[in-house]
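The lines below spell out each chain.
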Amino acid sequence: METKPRKSIWPAVERAFVLLLSALFLLIGWRVCRYQPTDAVEEECETATVVEVVDRYEQSVVEGSATEVIIFRARMTSGEYDGQVLEMQQTIEPMVLPKPDPVAEGDRILVLDAYQMGLDTEYQWIYGGQNRIPGMIWLAAAFLLLVVVIGRWKGAATVIALLITFAALFCVYIPAILTGRNVYASTIVVSLFVILSSLALLGGLNRKTLCAVAGNSGGVAVAGVLALIVNSALKITGILDTEYTFLMMLSGDVSIDLRGVVWGGILIGSLGAIMDVSMSITSAMYELSFEVGGPGGTKRMIAAGMNIGRDAIGTMTNTLILAYLGGSMAVVLLFTAYNRNPLMMLNFEMIVVEVVQAIVGSIGILFSVPITVLLAAWLFRGNMKAEAGAELPR
């Protein structure tokens, strides 16, 4: 009677070790780079659910323009008045954008304390916006559940790696920039941490992970150097839109390097696509290494790996370009609508940076392919059969 082979506990130990190191990095990074906002606007914001609309009327402000006022009752779902039904007010100004939809029964909303804000109004609580957080939580939960159900333990590792990546960006990287630390050094450190932690959690501590890490790091390094050169050659100022202007106006002694922020955005934006390509090629070549053998086995592996990489290049390059174009669609539409001269439009710094991001990220993918293929062929050569047709244990 055959017995099932016992599973090794080493993969679990390896991932626990990676999690421990990741937690230490995040904790130390958060303590070192902790950012305390100095110009925070103190607004008491609570959540509520609309019970009923009491009244609705218009107030004339100027001739031909009227402000819509809606009086409604809502049950507070947070704060000091949690559970109480209070009367509130929503004001829809004709000249203020974006114009919110009128509240309706059952709406989950945010409400602001008008008295605390110093507003002269009859009602203490006023409409502050739709509460979209519950919907986003449900959507994110459904996504994470599908990842775990379909991917099983790999899916669970993916979820953990994703959470660690978000923590690295929002608890270490962004605070590091806001506290005036070197943007370039911060980007490199966080990028390497994301690469190492994500791939180690997904693949374990082995040759496959080492190969994927090296290919990913090589592609990102090429993208980083190229982005520096291109930013300098195109004389990128770093002031792309109003958000970048506001960064310059932050109070305090901290001076944020906007060019560095643009450079960091290019690297962070290309990181995921390069990681995908390097890991896909590594996994494919690892499996292929057990099937080839005899004279010329390494050459066949390299040729097969390059073919796999060429297919990945086509899809991931499209992915990057379409992602950046989709993210700036409104800007492209506005520039096209208000400026018929394509020469001027293509020289707007915002458009230039979007194009640079897509091209530099794609070049990073291009370089990650041969780096990963050559390293994989060398690392996995021990898996190859001594002769064509011979069998090696997995």
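Scroll up a little and you will see the structure.
Since we're looking at a predicted model, the values are computed, not measured.

Rules of the game
Residues numbered from 1 in each chain as written. Predicted model: local features only at pLDDT ≥ 70, side-chain atom pairs only at ≥ 80, totals over all residues. Heavy atoms only, no water. Helix = DSSP H or I, 4+ residues; strand = E, 2+ residues; numbered from the N terminus. Buried < 20%, exposed > 50% of the residue type's maximum accessible area, 1.4 Å probe, protein only. Contact = heavy atoms within 4.5 Å. Axes fitted to C-alpha atoms, helices over the stretch in contact; angles between N-to-C directions. Left-handed = near helix turned anticlockwise from the far one by under 90°. Nonpolar A, V, L, I, M, F, W, Y, C, P; charged D, E, K, R; others polar. Salt bridge = Lys/Arg side-chain N within 4 Å of Asp/Glu carboxyl O. Patch = residues over 30% accessible without salt bridge, like charges linked within 9 Å, V, L, I, M, F, W, Y side chains within 5 Å. Areas by Shrake-Rupley, 256 points an atom, 1.4 Å probe, with all protein chains shown as cover. Parallel < 35°, antiparallel > 145°, perpendicular 65-115°, else oblique. Phe/Tyr/Trp six-rings, centres within 6.5 Å; stacked < 30°, edge-to-face > 60°. Lys NZ or Arg CZ within 6 Å of the ring centre and 35° of its normal.

Q: So what's going on with the overall build of the chain? Which residues, and what values?
A: The helix and strand tally for the chain stands at 10 helices and five strands. Expressed as a percentage of its 394 residues, the buried residues of the chain come to 37%. Long-range pairs, those at least 24 residues apart, make up 66% of the contacts in the chain between residues at least 6 apart in sequence.

Q: So what about the environment of Gly219? Which residues, and what values?
A: Position of Gly219 relative to the elements: it lies in helix H4 (residues 207-233). Assessed through its relative accessible area of 0%, Gly219 is described here as buried. Gly219 sits 142 residues away from Gly361 along the chain, and the two C-alpha atoms are 8.7 Å apart.

Q: An account of the packing of H4 against helix H10 (residues 349-379) is requested, with residue identities and associated values reported.
A: One way to put it is that H4 packs onto H10 with a least axis distance of 7 Å and a crossing angle of 150°. In this structure, H4 meets H10 at a crossing whose hand is right-handed. Split by residue class, the contact of H4 with H10 holds 16 nonpolar, seven polar and one charged.

Q: Quick rundown of the environment of Ser186? Include the residues and the values.
A: Positionally, Ser186 belongs in helix H3 (residues 183-203). In sequence terms Ser186 and Tyr173 are 13 residues apart; their C-alpha atoms lie 6.4 Å from each other. The contact partners of Ser186, leaving out residues within four places of it in the chain, are Tyr173, Ala176 and Arg181.

Q: Tell me what's going on with the pattern of salt bridges, and back it up with residues and numbers.
A: Two side chains with opposite charge may pair up if their charged atoms get near one another. Counting across every chain of the model gives three salt bridges. The residue Glu52 makes a salt bridge to Arg73 at a minimum N-O spacing of 2.7 Å. Of the two residues, Glu52 sits in strand S1 (residues 45-62) while Arg73 sits in strand S2 (residues 65-76), which places them 21 residues apart along the sequence. By relative accessible area, Glu52 is classed as partly exposed at 33%. With a closest N to O distance of 3.5 Å, Glu87 and Arg73 form a salt bridge. With Glu87 in strand S3 (residues 85-92) and Arg73 in strand S2, the pair connects residues that are 14 residues apart, well separated along the chain. By relative accessible area, which is 30% here, Arg73 ends up partly exposed. Because the salt bridges share partners, they merge into one network encompassing Glu52, Arg73 and Glu87.

Q: For unusual backbone geometry, give the residues involved together with the corresponding values.
A: Positive phi, close to 55°, is recorded for Arg152, a residue that is not glycine. Along the chain, Arg152 falls in helix H2 (residues 133-178). Within the chain, Lys235 stands out as a residue other than glycine whose phi angle is a positive 55°.

Q: Talk me through a nonpolar patch on the surface; I want residue IDs and the actual numbers.
A: There is a patch of nonpolar side chains on the surface, built from Phe17, Leu20, Leu21, Leu24, Ile28, Val32 and Leu205 and spanning about 650 Å² of accessible area. Within the secondary structure, Leu21 sits in helix H1 (residues 10-33). Among the residues examined, Leu21 registers a relative accessible area of 43% and is labelled partly exposed.

Q: Residues and numbers for the packing of helix H6 (residues 258-288) against H10, please.
A: A pair of packed helices can be characterised by two numbers: the angle between their axes and the separation between those axes. The N-to-C vectors of H6 and H10 enclose an angle of 30°; their axes lie 8 Å apart at closest approach. Classified by the interaxial angle, the pair formed by H6 and H10 is roughly parallel. The element H6 and its partner H10 pack so that their crossing is right-handed. Of the residues belonging to the contact of H6 with H10, the class tally is 15 nonpolar, nine polar and no charged.

Q: Account for the packing of aromatic side chains, with residues named and values stated.
A: Within this structure, the stated rule accounts for five aromatic pairs. Residues Tyr81 and Trp125 carry aromatic rings whose centres are separated by 6.1 Å and whose planes lie at 80° to one another, so their mutual orientation is edge-to-face. Within this pair, whereas Tyr81 is found in the loop between S2 and S3, its partner Trp125 is found in strand S5 (residues 125-130), the two being separated by 44 residues in sequence. By relative accessible area, Tyr81 is classed as partly exposed at 23%. Relative to Phe380, the ring of Tyr286 lies with its centre 5.3 Å away and its plane at 80°, an arrangement referred to as edge-to-face. Of this pair, Tyr286 sits in helix H6 while Phe380 sits in the segment after H10; the two residues are 94 residues apart in sequence, bridging distant segments of the chain. Using a relative accessible area of 22% as the deciding quantity, one classes Tyr286 as partly exposed. A cation sits over an aromatic face here: Arg34 above Trp30, 4.2 Å from the ring centre.

Purely spatial values, then, with no claim about function.
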